[in-house]
Amino acid sequence: MTDKTDVKSLTLKELEQQLTSEGYPKFRAKQMYEWLLKGVTSFDEMRNIPSDLRQFSDTRYYISVATIEKKLISRYDKTVKYLFSLHDGEFIEAVVMSYHHGVSMCISTQVGCKMGCTFCATGKSGFSRDLTASEMLAQLEAAQRDLNVRISNVVLMGMGEPLDNLDNVLRFIELASEEKGLHIGARHITLSTCGIVPKIYELAEKKLQINLAVSLHAPNDEIRSRTMPIAKAYPMSQLLKACRDYFDATGRRVTFEYSMISGVNDSDENARELAQKLSGMNCHVNLIPVNTVEGTGYKKSNIQRQQSFVNILAAKSIAATVRRTLGSDINASCGQLKRNHIKEGGK
Ligand code: SAH
Ligand code: SF4
């Protein structure tokens, strides 16, 4: 497979160039591209492509796939969670959520993660490898094909740290925006990071119109470094400065993710300190009651704590909401489905 080109990593224009340079007519590239978008897994399925081109393509290219291994559907809200397998037998997870404004999908950017956050199932499982841009696309295409829907929004909040795989993520954003492809523009893509400061600056330089979410989860370095090892490499003062600079460079408001863990980061004092640190920033805080992951011992904050936290932030003019948890019965925050699958002997 290694000597073949990953056909889904090419833009339509690049595929056109490659096929015409081999003497095939340009429109064949568009036909192939349409098949790829439908999520086909072999050139043989491309029925309107002549057999010589199918054979040529088979020797020259490979199609990266995300094969559905498991699918869980929430009884409450139709949220769908997938466990996909990749060509090398690795597993990744993704979630499709339906809102009144469209269908959103949370996809993975790596197999596992190196960052080791203590509350996160993915972090606990370690790191295997980066995903290619086409493996990110393949998750969207597989779900679109399976559910027969158009996905309008993408969040890079599945397994992995997107800024630890920035080149492939940037390529993915470019490919996803292709008008004749998925046609998902940057404004409909949200990238979530644990806060790798130099990479935030690198991203800012690209001046993309994507939404940036930063996982903060604490009001200070002392608490943050208890759950997020990255906090030791990049103190919050540097991280918040990078977020301000990001806003100045792109004009895009930053969202802060804050998982509320009972007794760890959810006191009124924690809320006041957070409000003070975020004062004057053009931002939004997403509060998420932490999902309990086996073996962590963390519990989610109760409703009163959540409300009190929001009220303190609101009193200081910091916009904050408690995120609605979709698919609570099939959860599993990302990483748990894979862990269970492996435990059951899936790998
Ligand atoms: N690596 C990136 C994106 C993937 S994690 C990041 O950390 O931002 C996506 C989000 O899920 C992050 O905000 C992360 O902190 C959060 N998360 C991970 N495990 C969680 C859990 N058990 N409960 C609640 N949120 C969790
Ligand atoms: Fe990695 Fe994000 Fe999980 Fe931390 S929360 S371990 S950065 S996936």
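Because the structure is predicted, anything quoted here is derived from the model rather than measured. (Residues numbered from 1 in each chain as written. Chains lettered and ligands numbered in written order. Predicted model: local features only at pLDDT ≥ 70, side-chain atom pairs only at ≥ 80, totals over all residues. Heavy atoms only, no water.)

Of all residues adjacent to ligand 1, which total 18 residues, the nearest are Gly 160, Ser 192, Ser 215, His 217 and Asn 291. One nitrogen or oxygen atom from the main chain of Thr 193 is found 3.4 Å from an oxygen atom belonging to ligand 1. Protein contacts shield 90% of the accessible area of ligand 1, which totals 530 Å² for the unbound molecule. Taken together, the elements giving at least two residues each to the shell around ligand 1 come down to strand S10 (189–193) and strand S12 (254–260). A per-class count over the shell around ligand 1 returns 7 nonpolar, 9 polar and 2 charged. (Near = heavy atom within 4 Å. Polar contact = N/O pair within 3.5 Å; in protein donor to acceptor, adjacent residues only side chain to side chain. Areas by Shrake-Rupley, 256 points an atom, 1.4 Å probe, with all protein chains shown as cover. Helix = DSSP H or I, 4+ residues; strand = E, 2+ residues; numbered from the N terminus. Nonpolar A, V, L, I, M, F, W, Y, C, P; charged D, E, K, R; others polar.)

On to the packing of helix H11 (residues 268–278) against helix H12 (residues 303–315), then. Interhelical geometry of H11 versus H12 gives an angle of 30° and a closest axis separation of 9 Å. Regarding the angle of H11 to H12, the classification is roughly parallel. Note that H11 runs across H12; the crossing there is right-handed. Contacts between H11 and H12 pair Asp 268, Asn 270, Ala 271, Arg 272, Leu 274 and Ala 275 from the former with Arg 305, Ser 308, Phe 309, Ile 312 and Leu 313 from the latter. Tallied by class, the residues present in the contact of H11 with H12 amount to 6 nonpolar, 2 polar and 3 charged. (Axes fitted to C-alpha atoms, helices over the stretch in contact; angles between N-to-C directions. Parallel < 35°, antiparallel > 145°, perpendicular 65-115°, else oblique. Left-handed = near helix turned anticlockwise from the far one by under 90°. Contact = heavy atoms within 4.5 Å.)

Another aspect to go through is the pattern of salt bridges. Within this structure, the stated rule accounts for 17 salt bridges. Notably, a salt bridge pairs Lys 114 with Asp 164, separated by 3.1 Å at the nearest N-O pair. With Lys 114 in the loop between strand S7 (110–112) and helix H4 (121–125) and Asp 164 in the loop between strand S9 (153–156) and helix H6 (166–176), this pair connects stretches of sequence that are 50 residues apart. The partly exposed category is assigned to Asp 164, whose relative accessible area is 24%. One salt bridge in this structure joins Glu 273 and Lys 277, with 3.2 Å as the shortest N-O distance. Highlighted residues: Glu 273 and Lys 277, both in helix H11, separated by 4 residues, approximately one helical turn. Because the salt bridges share partners, they merge into one network encompassing Glu 14, Arg 171 and Glu 174. (Salt bridge = Lys/Arg side-chain N within 4 Å of Asp/Glu carboxyl O. Buried < 20%, exposed > 50% of the residue type's maximum accessible area, 1.4 Å probe, protein only.)

Okay, the packing of aromatic side chains next. Enumeration according to the criterion identifies 3 aromatic pairs in this entry. On the numbers, 5.2 Å between centres and 15° between planes, the contact of Tyr 82 with Phe 84 is stacked. Taken individually, Tyr 82 and Phe 84 each receive the classification buried, so the pair is uniform in this respect. Judged by centre distance (5.1 Å) and plane angle (45°), the ring pair of Tyr 258 and Phe 309 falls under tilted. Residue Tyr 258 is found in strand S12, and its partner Phe 309 is found in helix H12; the two are separated by 51 residues along the sequence. Taken individually, Tyr 258 and Phe 309 each receive the classification buried, so the pair is uniform in this respect. One residue, Lys 38, lies across the ring of Trp 35, its end atom 4.5 Å from the ring centre. (Phe/Tyr/Trp six-rings, centres within 6.5 Å; stacked < 30°, edge-to-face > 60°. Lys NZ or Arg CZ within 6 Å of the ring centre and 35° of its normal.)

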